[in-house]
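Residues per chain are reported as follows:
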Amino acid sequence: MFETTNPDISIPINPRAAAALSIDTSGALPIPFTPAAKIATVLDCAIELAAGHFPMLTESIWNQMLSCEDGFLDNDHLAPQILVAPGFWANRLAQNSDVGDIPIADLEAVDELSAMEQFAVHLVVDRFLSQPTGQDCGLREILADFSGRAPECVFKDDPSPSELWTVREVRAAEEGRAEVLCDYAGELMAVLGVAIVSDTKFHFDSLELESDRKLAFPPSKGGLYGFLFGLAAHEIREFLAARELDQPDWA
């Protein structure tokens with residue numbers, strides 16, 4: 001049997017929402033079906049859907065949307081159907097910003113946002129503007145947390161994942177081994193261990209990451225491992241070719 005509890009909900013629920021969620025405050029209810037539990041589930045689903053429709057916009061247009069939102073959280077007249085109406089954010093920019101200073105491509109991107117994308121933007125703006133005093137999370141950090149993306153890839157004008165990764169150096173290790181040092185956004189991030197079989201054959205046998213933060217990388221068979229192995233393969237071949245020229249009998 002489910003444990004039961006008396007309904008305890010203090011936020012206002014309009015009749016349409018109450019009916020859709022089968023909200024019942026008349027007596028004791030099984031805990032999975034209490035108003036609070038139902039609302040929590042719906043909110044979790046809404047957040048997942050919005051994050052899955054995270055729009056890729058330029059940093060400039062995000063800042064424009066934030067700058068025109070003074071008093072945004074006090075606008076209780078913004079009903080849900082208005083927030084997701086076609087062109088909602090484009091209209092707010094037109095009403096509250098000097099659109100002549102905004103690139104046409106940015107305006108078009110905002111005007112083409114779907115209802116779910118507009119909802120995602122609303123959640124980001126709301127979170128940014130309602131931060132408690134002293135918290136002061138940056139927009140990039142909030143976008144990364146909300147979207148699940150790496151913080152280096154949240155704006156449309158950010159580098160692509162493949163541009164973030166470079167091979168810094170291939171160096172000899174102990175006999176019959178080498179290491180590949182890979183940079184991510186200009187910082188050392190990964191060290192690949194390489195077992196050298198001959199002057200033309202090798203295989204990767206280890207990967208050490210310098211951080212546990214979320215990293216961006218292009219779609220690749222084998223995930224991050226597969227991408228990094230592919231990135232380093234050419235560099236290893238060049239390293240072996242140069243080593244063979246310098247020391248023909250090194251192996």
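All of the points below concern the structure found in this document. (Residues numbered from 1 in each chain as written. Predicted model: local features only at pLDDT ≥ 70, side-chain atom pairs only at ≥ 80, totals over all residues. Heavy atoms only, no water.)

## Thoughts on the overall build of the chain
Heads up, the condition is: Runs of E in the DSSP output that reach at least two residues are strands. Runs of H or I that reach at least four are helices, and both are numbered from the N terminus. Remark: exposure states derive from per-residue accessible area (1.4 Å probe, protein chains only) relative to the maximum for the residue type, with buried under 20%, exposed over 50%, and partly exposed in between. Residues are treated as being in contact if the distance between any of their heavy atoms lies within 4.5 Å. Here the open area of atoms and residues is found with the Shrake-Rupley method and a 1.4 Å probe, where only the protein chains shown may cover a residue.
Looking only at helices and strands, one finds 10 helices and six strands in the chain. Counting the 251 residues in the chain, one finds 34% classified as buried. By sequence separation, contacts in the chain at least 24 residues apart represent 51% of the contacts at least 6 residues apart. Counting every atom, the chain has about 14800 Å² of accessible surface; 52% of that belongs to carbon and sulfur.

## Description of the pattern of salt bridges
The following threshold applies: The term salt bridge refers to a side-chain nitrogen of Lys or Arg lying within 4 Å of a carboxyl oxygen of Asp or Glu.
All chains considered together, the criterion is met by seven salt bridges. Between R140 and D158 there is a salt bridge, with its nearest N and O atoms 3.0 Å apart. Residue R140 is found in helix α8 (residues 139-147), and its partner D158 is found in the loop between α8 and α9 (161-164); the two are separated by 18 residues along the sequence. R177 is the salt-bridge partner of E174, the closest N and O atoms lying 3.6 Å from each other. Given a relative accessible area of 22%, R177 falls into the partly exposed group. Ionic contacts of the salt-bridge type, sharing partners, join the residues E174, R177 and D205 into one network.

## Brief notes about the layout of surface pockets
The method is simple in principle: a probe with the dimensions of a water molecule rolls over the atoms, and the space it marks as empty is what remains. Here is the rule: The distinction between a cavity and a pocket rests on a 1 Å grid over the protein atoms alone: a 1.4 Å probe fits inside a cavity but cannot get out, while a pocket stays open yet meets protein on both sides within 12 Å along at least five of seven lines, and a residue with an atom within 4 Å of a point counts as lining. Grid points are joined across faces, edges and corners, and a volume is the space filled by probe spheres set on the points. Only Asp, Glu, Lys and Arg are considered charged, only Ala, Val, Leu, Ile, Met, Phe, Trp, Tyr, Cys and Pro nonpolar, and every remaining residue, Gly among them, polar.
Roughly 910 Å³ of volume is contained in the largest pocket. What lines the largest pocket is a set of 20 residues, and nearest its centre among them are V42, L43, A46, P80 and F119. Residues that form the lining of the largest pocket fall into these classes: 17 nonpolar, three polar and no charged.

## A short note on the sheet that holds strand β3 (residues 165-172)
Formally: If DSSP finds at least two bridges between two strands, the strands pair. In this description, a line fitted to the C-alpha atoms serves as the axis of each element, helices being fitted only across the stretch in contact, and the angle between N-to-C directions of two axes falls anywhere from 0 to 180 degrees.
Taken in spatial order, the four strands line up as β3-β4-β5-β6 in an open sheet, and their pairing is antiparallel. Only two strands of the sheet have a single neighbouring strand rather than two, namely β3 and β6 (202-209). When the angles between neighbouring strand axes are averaged without regard to direction, this sheet yields 25°. Here strand β4 (residues 177-184) pairs with strand β5 (residues 187-196) via eight bridges, running antiparallel. Paired with D183 across the strands is L188, a residue of β5.

## Some details on unusual backbone geometry
For residues other than glycine, phi is negative in most cases, and the peptide bonds are mostly trans. At A185, a residue that is not glycine, the phi angle is positive and equals roughly 55°. When you line up the elements, A185 lands in the loop between β4 and β5. A relative accessible area of 41% places A185 in the partly exposed class.

## Things to note about the nonpolar core
For clarity, the cut-off: Here, the term nonpolar core denotes a set of buried Ala, Val, Leu, Ile, Met, Phe, Trp, Tyr and Cys residues that are joined through side-chain atoms within 4.5 Å.
One finds L57, W62, V121 and L143 to be the most contacted residues of the largest nonpolar core, which totals 29 residues. Those elements giving two or more residues to this core turn out to be α3 (59-67), α5 (88-96), α6 (104-111), α7 (115-129) and α8. Of all the elements, α8 adds the most residues to this core, at five residues. For V121, the residues in contact, after removing those within four places along its chain, are P55, L57, W62, M65, W89 and L113. With 27 residues, the next largest nonpolar core counts L164, C182, A190 and A232 among its residues.

## Considerations on the packing of α3 against α8
A packed helix pair is summarised by two numbers, namely the angle formed by the two axes and the spacing between the axes. This is how the line gets drawn: Angles are sorted into four bins: roughly parallel if under 35 degrees, roughly antiparallel if over 145, roughly perpendicular if 65 to 115, and oblique for all others.
Between α3 and α8, the least distance of the axes is 12 Å, while the angle of their chain directions is 100°. Between α3 and α8, the angle is such that the two are roughly perpendicular. From α3, E59, W62, N63 and L66 reach across to α8, where they touch L139, R140 and L143. Of the residues that constitute the contact of α3 with α8, the class distribution is four nonpolar, one polar and two charged.

## Concerning the environment of L107
Within the element layout of this structure, L107 appears in helix α6. Counting along the chain gives 17 residues from L107 to A90, while the straight-line C-alpha distance between them is 6.8 Å. Contact partners of L107, with chain neighbours within four places excluded, come to L93, V99 and I102.

## Considering the packing of aromatic side chains
Centre-to-centre distance and the angle between the planes together describe a pair of aromatic rings. The test is simple: Within 6.5 Å between ring centres, the rings of Phe, Tyr and Trp (the latter by its six-membered ring) count as paired, and their orientation is classed by plane angle as stacked under 30 degrees, edge-to-face over 60, tilted in between.
Within this structure, the stated rule accounts for seven aromatic pairs. With a centroid separation of 6.5 Å and an interplanar angle of 15°, the aromatic rings of F54 and W62 are classed as stacked. Both residues of the pair, F54 and W62, count as buried. Relative to F227, the ring of W165 lies with its centre 6.2 Å away and its plane at 65°, an arrangement referred to as edge-to-face. With W165 in strand β3 and F227 in helix α10 (residues 223-246), the pair connects residues that are 62 residues apart, well separated along the chain.

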